[in-house]
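Geometric and topological summary
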Amino acid sequence: MEVRHSAVCVEGAEDTVKELRAALAEAGITLPSLRLDPVSLAREAPCPLVELGRCSVETARRLAAVLR
């Protein structure tokens, strides 16, 4: 049962990353390193974290402006 739960968690996290990437693209923002954190997936029972990664200062400014 735990394996199935972990698979559902990972699938949900992957879907969330896709949704976030699409929403950012609609706002004209690209986070090139956006992905699931591989370390959080390496556990026996993965509990995924989303890694937003690095971006340029300009991208950070645009992201802040969109969030305001």
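Heads up: the structure comes first, above all this text.
Residues numbered from 1 in each chain as written. Predicted model: local features only at pLDDT ≥ 70, side-chain atom pairs only at ≥ 80, totals over all residues. Heavy atoms only, no water.

**Thoughts on the state of the cysteines**
- Scanning all chains against the criterion turns up zero disulfides.
- No disulfide involves Cys47; its sulfur sits 6.4 Å from the nearest other cysteine sulfur, which is in Cys9. (Disulfide = S-S within 2.5 Å.)

**Considerations on the side chain of Ser40**
- By the element assignment, Ser40 lies in helix H2 (residues 38-41).
- The exposure class assigned to Ser40 is buried, which follows from its relative accessible area of 5%.
- In contact with Ser40, not counting residues within four places along its chain, are Pro46, Cys47, Pro48 and Leu49. (Helix = DSSP H or I, 4+ residues; strand = E, 2+ residues; numbered from the N terminus. Buried < 20%, exposed > 50% of the residue type's maximum accessible area, 1.4 Å probe, protein only. Contact = heavy atoms within 4.5 Å.)

**Some points on a nonpolar patch on the surface**
- On the surface, Leu20, Val50 and Leu52 cluster together into a nonpolar patch covering about 220 Å² of accessible area.
- Mapped onto the elements, Leu20 comes out in helix H1 (residues 2-26).
- Overall, Leu20 belongs to the partly exposed group, its relative accessible area being 32%. (Patch = residues over 30% accessible without salt bridge, like charges linked within 9 Å, V, L, I, M, F, W, Y side chains within 5 Å. Areas by Shrake-Rupley, 256 points an atom, 1.4 Å probe, with all protein chains shown as cover. Salt bridge = Lys/Arg side-chain N within 4 Å of Asp/Glu carboxyl O.)

**Topic: the pattern of salt bridges**
- Going through the model one piece at a time under the given rule, you end up with two salt bridges.
- Of the charged contacts in the structure, one is a salt bridge between Glu51 and Arg35, with a shortest N-O distance of 3.3 Å. Note that Glu51 is positioned in strand E2 (residues 50-51) and Arg35 in strand E1 (residues 35-36), a separation of 16 residues in sequence.
- Put simply, Glu58 and Arg61 hold a salt bridge, and the shortest N to O gap is 4.0 Å. With Glu58 and Arg61 both in helix H3 (residues 57-67) and three residues apart, this pair spans about one turn of that helix.

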